[in-house]
Amino acid sequence: MPTSHVILPECSNISPQDICSAVAGAKPGPNYVNKHYQVPTNFNIVHWKKYEHLFTESDPNLIDQIFYGFPVPYNHDSQPSVPFGNHKSANIHYDIVDEYILKNLEMGVLWGPFDVNPLPYDVTVSPMQVVFSASGKPRVVVDLSWGAPSVNDGISDDWTEFPGFDGDLRLPSVDSLVRIILSKRRPVTMWKADMASFYKQIITDPGDVHYLAISWRGRLYFDRSTPFGLRSAALSAQRIARAVCTIFVCDSNGDMFSITAYIDDYSGAEFIEDTPRAAALFNSVTDRLGVTRQLSKCVTGVFDMLWLGLGFNTEHFMLYIPEDKLLRAKEILQAWLQKDTCSRKDLQQLLGILNHLGAVIIPGRVFCARMLDIFRRAPFPVQLDEDFKLDVSAWLSFLQDPKFTGRSFMKSAFFSQLNAVLAIWVQQGRAAVRFRGDISVYTPVCTSEVTDELMYVAVVNYVATHAKFSVHDFVTFAVPTVKIECVINRAATTDKLIRKLLRNCCLAQAEGDFVIRAKQGDVDCELKHECMNSNALFPIVIM
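Below you will find a few notes about this structure. It should be emphasised that the depicted structure is a prediction, and the values quoted were computed from it without experimental measurement.

What follows is about the environment of P40. With respect to the helices and strands, the residue P40 is situated in the loop between β2 (37–38) and α3 (45–50). The spacing of P40 and R224 is 184 residues in sequence and 9.5 Å in space, taken between C-alpha atoms.

Let us look at the side chain of K389. Within the fold, K389 resides in helix α14 (residues 386–399). For the buried K389, no salt bridge exists, and the shortest N-O distance to an oppositely charged side chain is 4.3 Å, to D340. Setting aside its immediate chain neighbours within four residues, K389 contacts W336, L337, K339, D340 and L384.

Core analysis: the largest hydrophobic core is formed by 65 residues, its most contacted members being W48, I101, M128, F198, I240 and Y266. For this core, the leading source of residues is helix α9 (residues 233–251), giving 11 residues. One finds W307, F312, L333 and L399 within the second-largest nonpolar core, a separate group that totals 48 residues.

What follows deals with the sheet that holds strand β6 (residues 188–194). Across the sheet, four strands lie side by side as β9-β10-β6-β11; this open sheet has antiparallel pairing. Of all strands in the sheet, those with a lone pairing partner are β9 (260–262) and β11 (299–302), marking the two edges. Each neighbouring strand pair of the sheet contributes to a mean axis angle of 15 degrees, computed without reference to strand direction. When β9 meets strand β10 (residues 265–271), the two strands line up antiparallel, connected through three bridges. Looking at β10, one finds that A261 is bridged to Y266. Along the sheet, helix α7 (residues 175–184) contacts β6, β9 and β10; its crossing angle with β10, the most-contacted strand, is approximately 10 degrees. Here helix α10 (residues 275–289) sits on the sheet in contact with β6, β10 and β11, set at roughly 15 degrees to β6.

Quick look at a nonpolar patch on the surface now. Judged by side-chain polarity, V445, V541 and M543 come together as a nonpolar surface patch covering roughly 310 Å² of accessible area. Mapped onto the secondary structure, V445 falls in strand β20 (residues 438–445).

Mapped onto the fold, T260 is located in strand β9. Exposure remark for T260: the relative accessible area of 7% places this residue in the buried category. Only 2.9 Å separates the side chain of T260 from the side chain of S176, close enough to count as a polar contact. Residues in contact with T260, not counting those within four places in the same chain, are P172, S176, L177, I180, C245, D265, Y266, S267 and W307.

Taken as a whole, this structure holds 28 salt bridges when the rule is applied. Residue R239 pairs with D59 through a salt bridge whose shortest N-O separation is 2.8 Å. Taken as a pair, R239 in helix α9 and D59 in the loop between α3 and α4 (62–68) lie far apart in primary sequence, 180 residues in all. The pair R239 / D59 is uniform in exposure class, with both members buried. Put simply, D287 and R293 hold a salt bridge, and the shortest N to O gap is 2.8 Å.

What follows concerns helix α16 (residues 482–490). All of the buried residues along α16 are I484, C486, V487 and I488. Tucked into the core, α16 has its buried residues touching α15 (452–466), β21 (474–479), α17 (496–512) and β22 (515–520).

Analysis parameters
Residues numbered from 1 in each chain as written. Predicted model: local features only at pLDDT ≥ 70, side-chain atom pairs only at ≥ 80, totals over all residues. Heavy atoms only, no water. Helix = DSSP H or I, 4+ residues; strand = E, 2+ residues; numbered from the N terminus. Buried < 20%, exposed > 50% of the residue type's maximum accessible area, 1.4 Å probe, protein only. Lys, Arg positive; Asp, Glu negative; His and termini not counted. Salt bridge = Lys/Arg side-chain N within 4 Å of Asp/Glu carboxyl O. Contact = heavy atoms within 4.5 Å. Core = buried A, V, L, I, M, F, W, Y, C linked by side-chain atoms within 4.5 Å. Pairing = 2+ DSSP bridges. Axes fitted to C-alpha atoms, helices over the stretch in contact; angles between N-to-C directions. Patch = residues over 30% accessible without salt bridge, like charges linked within 9 Å, V, L, I, M, F, W, Y side chains within 5 Å. Areas by Shrake-Rupley, 256 points an atom, 1.4 Å probe, with all protein chains shown as cover. Polar contact = N/O pair within 3.5 Å; in protein donor to acceptor, adjacent residues only side chain to side chain.

Geometry only, nothing functional implied.
In structure tokens, the structure reads:
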């Protein structure tokens, strides 16, 4: 077994003997641990090593995995069992697949072609498919979730189980750029950059390529990059993205430039005179590290741009849904109103769309709760009931009202202190409510059992639909438990009556442009005393 660092051949006509030697040499442990072979990559090892000290605590194995390959962390009782053959879409659009194969051979990220398996053990051949974006652009995707078990079935969703990574990492949202914009406290311009075929720039551990085989025109290929669709690929990409951001901030020295990144989409915002320098520094950092940008998607010094599919405007401090996405979402929801049943995949796609739009349409989030519950619990295909259609209709009404398709991300000046405007206390079937100084005590009228959660939600719904709030009011009140807080704020419940009340409450807040939020805490003794001792009781109908 060789012990020296040998660069793997990256040409398309690599011999079966070479690939056997390379893969066998990387066994039995991960290549980044044994360091048998340094994988071919465009990343510049000299410059990455200069910054190694920045990651000794947050991600100590990152640079070794960049240059010796990211493992495919397959861990299952049995090896993947995948039916042989590509999906129908790949065979129909064979010219697109031909172009994909040739391009990846030219990039050096495919090993092959081979007439027979060159490895000394079995390989997993996953099917390819051609998918089209909303704009009609085709993309070849290797379906690593096909089979029983599939390759992805053996990879944990828990990122902390990834070999060599035990840190904390989450994918950022659009709010990360919002926070950067707000932190500047005066008008700014934005910049963004996109990496070119980023997943193809990240190389897999050569000892794991047998999980990443594809077959085309009767010949075998191995993907030595980290393919889009591999369950662990997003983690590897985001770790590199976070590292690039860390190096960028380090190199900005006294300028203290800001940056955020979602896998291959980077962005920042600076004072108007500083934005060109920040973008130039980012270009310099990525060039030195060997991370390739897609120049056609890079933008510098603008007040209005799209990032992660949503629009940002720093002149009006607005986050908005682009017109083409708005029209497409309306068409999709209209089609859902005509559905009687749906598959798990269809519902997953719908939830993905609504979750994305929920960054702008905040009131819409509660109307995803029932859909999420169905997705997690129901057997598929599932019948779509009237409540489901009401949630779809609510989303459609938001999309049709310009008031909701763009929101200001300026922080409201009307936040209340806890219990300052509204305070509620529920005890033994009664609810005491203080609103702007006046206390009222309510008793429920309901045909079903009234729990504390139901009573709190009923009172909040009553207050939201009957009390007079000012536009932009953001009112917080105390509840005794985190569970009740989650029920009110996130509709974290399966109770149909509670969800119905929350839907009405949410619509009232959206129409009145105010917000009511629960927070675990306590209320004063006066309200508790009134709750149990007042004789002036008002009925509150719960239905």
